[in-house]
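# Coordinate inspection notes
Here's the letter readout for the chains.
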Amino acid sequence: MVKQACRINNLKISDRLIIGIDVSSKQEVILLCKRINNNVTTLKLGLELIYSCGPGIVNTVRSFGYKVMLDTKLLDIPNTVCGAIAAISKLGVDKITIHALGGSKMLADTKQKLAEESSKLNIIPPLLFAVTILTSLDDEDLDTLGFKNGFLPSVLNLASVSIKNGIDGIICSPNEVKSIREKLGGGFYIATPGIRLQDDDKGDQKRISAPYSAIKDGADFIIVGRSITAKANLEEAIKKIFQEIERALV
Ligand code: C5P
């Protein structure tokens, strides 16, 4: 089994805020790359963008000097996900997402394959983050799906399985960070979507919180999409979030 990457604690504030780019054209991506003005290190590219523009969009974003978190949310049988990860490893991304629900073998095999392919390419393996339970689901949704224990035990269990199988980081809601750190310790990364500033529209997200509490409770990265990209003054929104992160780290 390949062990998870060593967690770096002294991240810069600009590393800690990852901006989600959920648009469908190269022009919109370029515009956002310019408007974000390299205030953050990493942009997250998700399914909408990958399927609209193709994986080549990674190069466009990298050409502006950003690192890329590719939010592939892989979920399939181990052989299929390993095939996908071999292709993804060639894209030059920094972080990749996979669903914990794929199970132990899928997680361990994917991590192993990523290490092997990265070694062939002579690159540092991208960090592999496991999505636990989507932040758009609450207890009622989970009950409908047959998860009768509620989201917290499910998130904790999925996080534990992921860490045991060498996954580098966990994706969960800000509300679960504290419990994950208490139960599983500090040897791995945590990234949280479901981030909203006061007065922001919740949209489709249900398990949300503010940047301050996510970082205070032990998250390394916060992932923010619309609360930044939908704002007229994007740099001001980034600044506000940086201030919250800074306050949480004191
Ligand atoms: O706009 P908003 O801040 O809600 O965007 C959150 C981003 O994080 C979206 O790109 C979404 O796909 C992603 N994400 C999420 N919940 C997860 C994993 C990823 O919202 N569990």
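To be clear, the structure that these remarks concern was listed above.
First things first, this report covers the structure right here in the doc. (Residues numbered from 1 in each chain as written. Predicted model: local features only at pLDDT ≥ 70, side-chain atom pairs only at ≥ 80, totals over all residues. Heavy atoms only, no water.)

It is worth spelling out the sheet that holds strand β1 (residues 17-21) at this point. If you trace the eight strands once around the closed barrel, you get β1-β2-β3-β4-β5-β6-β7-β8, paired in parallel fashion. Adjacent strand axes in the sheet meet at a mean angle of 25 degrees when their direction is disregarded. The pairing of β1 with strand β2 (residues 42-45) spans four bridges and is parallel. Across the sheet, the residue bridging to isoleucine 18 is threonine 42, located in β2. Helix-sheet contacts for helix α2 (residues 26-36) involve β1 and β2, and the interaxial angle to β1 is about 155 degrees. Lying on the sheet, helix α5 (residues 78-88) is in contact with β3 (67-74), β4 (95-99) and β5 (127-131); it crosses β3 at an angle near 165 degrees. (Pairing = 2+ DSSP bridges. Helix = DSSP H or I, 4+ residues; strand = E, 2+ residues; numbered from the N terminus. Axes fitted to C-alpha atoms, helices over the stretch in contact; angles between N-to-C directions. Contact = heavy atoms within 4.5 Å.)

Both the distance between ring centres and the angle between the ring planes are used here to describe each pair of aromatic rings. Applying the stated criterion across every chain yields a total of three aromatic pairs. With centroids separated by 6.4 Å and ring planes inclined at 35 degrees, the aromatic side chains of phenylalanine 129 and tyrosine 189 adopt a geometry described as tilted. Here the residue phenylalanine 129 occupies a position in strand β5, and tyrosine 189 occupies one in strand β7 (residues 189-192), the gap between them amounting to 60 residues. As far as burial versus exposure is concerned, phenylalanine 129 and tyrosine 189 are alike and both buried. Here the aromatic rings of phenylalanine 129 and phenylalanine 221 are separated by 6.2 Å at their centres, their planes lie at 70 degrees, and the arrangement is edge-to-face. (Phe/Tyr/Trp six-rings, centres within 6.5 Å; stacked < 30°, edge-to-face > 60°. Buried < 20%, exposed > 50% of the residue type's maximum accessible area, 1.4 Å probe, protein only.)

This paragraph deals with the nonpolar core. The biggest cluster of nonpolar side chains holds 62 residues, and the ones touching the most others in it are Leu17, Ile21, Ile36, Leu43 and Leu45. Ranked by residue count, the leading element in this core is helix α12 (residues 234-249), at seven residues. What leucine 45 contacts, discounting residues up to four positions off in sequence, is Ile21, Ile50, Ile57, Val58, Val61, Val68, Met69, Leu70 and Asp71. In this structure, Leu127, Phe129, Ile171 and Tyr189 belong to the second largest nonpolar core, which totals eleven residues. (Core = buried A, V, L, I, M, F, W, Y, C linked by side-chain atoms within 4.5 Å.)

Another point: the packing of α2 against α12. Packing of α2 against α12 leaves a shortest axis separation of 9 Å and a crossing angle of 55 degrees. The pairing of α2 with α12 is recorded here as oblique in orientation. The handedness of the crossing between α2 and α12 is right-handed. Along its contact with α2, which presents Leu32, Arg35 and Ile36, the element α12 presents Leu234, Glu235 and Ile238. (Parallel < 35°, antiparallel > 145°, perpendicular 65-115°, else oblique. Left-handed = near helix turned anticlockwise from the far one by under 90°.)

A few words on the side chain of lysine 44. Relative to the helices and strands, lysine 44 is located in strand β2. Polar contacts involving the side chain of lysine 44 include one to the side chain of aspartate 71, which spans 2.7 Å. Apart from residues lying up to four places away in sequence, lysine 44 is in contact with Ile18, Ile19, Gly20, Ile21, Met69, Asp71 and Ile223. (Polar contact = N/O pair within 3.5 Å; in protein donor to acceptor, adjacent residues only side chain to side chain.)

We now examine the pairing of β1. When you tally the buried positions in β1, you get five out of five residues, the bulk of the element. With three bridges connecting them, β1 and strand β8 (residues 221-224) associate as parallel partners. Residue pairing in the sheet places leucine 17 in a bridge with isoleucine 222 of β8. For the handedness criterion, the β-α-β arrangement of β1, α2 and β2 is classed as right-handed. (Right-handed = clockwise from strand over helix to strand, strands pointing away.)

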